[in-house]
Amino acid sequence: MLALYAEHKLDEPGAEALSSSIQALAEFWGGKTCDTIKGTTCRAYVRHMGLEREREVVDVLGRRYRVRSSNSPPSCRRYLGILQAALNFAVREGAIVSAPLVTLPPAAPPRDRWLTREEVARLLRYSPPHLRRFILVALATGRRMRAILALRWTPVIAAGGHADTAAGTFHFLPRGEVETRKRRGSCRMTRTIRAHLRRWEREGGSHVVMWRGRPCGTIKAAFERVCIDAGLPDVSPHTLKHTAVTWAFQAGMTIEDAADFFATTAATLERVYRQHSPRYQDRAVAALDAKRGG
């Protein structure tokens, strides 16, 4: 069932990440049949993936940090979600009659880690040029790592988005592709990031973010080293998205505008970021003040 699902998704966006997830599933489930999927085996899979394993970064700027490994509850939950999707697809294809229910571990609470401007300055100070580009674009757009690394200067069909400095717009959805659940969309450039982009474009290259003349497949390892050097070992590339959206709400951006600009659902913005708005619960507080005043 996993192989059938992987073959179906082979030519779709995110196929590389899906392949890695299916490998993580196949290590445990590969020798089993579908009727073994139940609550007990799903919980055994979570234990197998090392739910409680942690690695420690100690004495960074006089502080001790504990950072979860990649086999954290969100990772296991995502992998098991893919297992359920593969089973549901197999039912639609007629490979099996019915799909067993996959038991997921509890969802993690929303992450609330975002960077202050002083922390961003420290991160940029320790970053090589290609990481500085990535960080600045991430903070200006609130997009995910893969979408940013795929940005080119000119549009190429089904080969990543592009930065149109003439029009002042980021187009993260490649030409010829349809939106997935992880929406990419388009957004306008701020004056500051547009000035940076025009300078970078004059320097040449095919992509906005490049390392030694080549596009970057990932920046995770380099980013992790820089974060430790900067004394920010609890920060990941995704923290930059949280930072961008948090700063926008702190500046007074509405949920409607944020949903459009960051290509994120209003429900997610309500749940994770709305409390950062200076107008958060204003009407409730005003009503209580008026009642007390009366």
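Residues numbered from 1 in each chain as written. Predicted model: local features only at pLDDT ≥ 70, side-chain atom pairs only at ≥ 80, totals over all residues. Heavy atoms only, no water.

(A) Spatial organisation of the overall build of the protein. Looking only at helices and strands, the protein has 13 helices and seven strands in total. Sequence-distant contacts, at least 24 apart, represent 59% of the contacts inside the protein between residues at least 6 apart. (Helix = DSSP H or I, 4+ residues; strand = E, 2+ residues; numbered from the N terminus. Contact = heavy atoms within 4.5 Å.)

(B) The arrangement of unusual backbone geometry in detail. One non-glycine residue, Arg212, lies in positive phi territory at about 55°. You can see Arg212 is positioned in the loop between strand E6 (210-211) and strand E7 (214-215). One non-glycine residue, Ala263, lies in positive phi territory at about 50°. One can find Ala263 in the loop between helix H11 (255-262) and helix H12 (266-272). With a relative accessible area of 10%, Ala263 lands in the buried category. (Buried < 20%, exposed > 50% of the residue type's maximum accessible area, 1.4 Å probe, protein only.)

(C) Structural context of the layout of surface pockets. Empty space within the second largest pocket amounts to approximately 400 Å³. Only helix H5 (117-126), helix H6 (129-141), helix H8 (191-202), helix H10 (237-250) and H11 provide two or more residues apiece to the lining of the second largest pocket. The greatest single-element share of the lining of the second largest pocket, amounting to four residues, is contributed by H10. Per-class residue counts for the lining of the second largest pocket are 13 nonpolar, four polar and one charged. (1 Å grid on protein atoms, 1.4 Å probe; cavity = no way out; pocket = protein on both sides within 12 Å on 5 of 7 lines; lining within 4 Å. Points joined across faces, edges and corners; volume = space filled by probe spheres on them. Nonpolar A, V, L, I, M, F, W, Y, C, P; charged D, E, K, R; others polar.)

(D) Quick look at the pattern of salt bridges. Counted according to the given criterion, the structure contains five salt bridges. Residue Glu118 is joined to Arg122 by a salt bridge in which the shortest nitrogen-to-oxygen separation is 3.0 Å. Taken together, the residues span about one helical turn, with Glu118 and Arg122 both in helix H5 at a distance of four residues. Using a relative accessible area of 45% as the deciding quantity, one classes Glu118 as partly exposed. The buried category is assigned to Arg122, whose relative accessible area is 15%. Linked through salt bridges whose partners overlap, the residues forming this network are Arg113, Glu119 and Asp234. (Salt bridge = Lys/Arg side-chain N within 4 Å of Asp/Glu carboxyl O.)

(E) Spotlight on helix H2 (residues 15-29). Its 15 residues give H2 an end-to-end C-alpha distance of 20 Å, which sits within 8% of 21 Å, the value for a rise of 1.5 Å per residue. Listed as buried for H2 are Leu18, Ser21, Ile22, Ala24, Leu25, Phe28 and Trp29. Mapping the buried residues of H2 onto a view down its axis gives an arc of 155°, with all of them on the same face. Among the exposed residues of H2, those oriented more than 90 degrees off its buried face are Glu16, Gln23 and Glu27. (Expected span 1.5 Å × (residues − 1). Arc of directions from axis to C-beta.)

(F) Layout of the nonpolar core. Formed by 49 residues in total, the largest nonpolar core has its most connected members in Leu123, Phe134, Phe170, Leu197, Val208, Phe223 and Leu240. Sort the elements by how many residues they give to this core and H6 lands first, with seven residues. Filtering out sequence-adjacent residues up to four positions away, Phe223 remains in contact with Leu123, Leu131, Phe134, Ile135, Val235, Ser236, Pro237 and Leu240. Counting residues in hydrophobic clusters, the runner-up holds 24 residues, among them Ile22, Ile82, Ala86 and Leu87. (Core = buried A, V, L, I, M, F, W, Y, C linked by side-chain atoms within 4.5 Å.)

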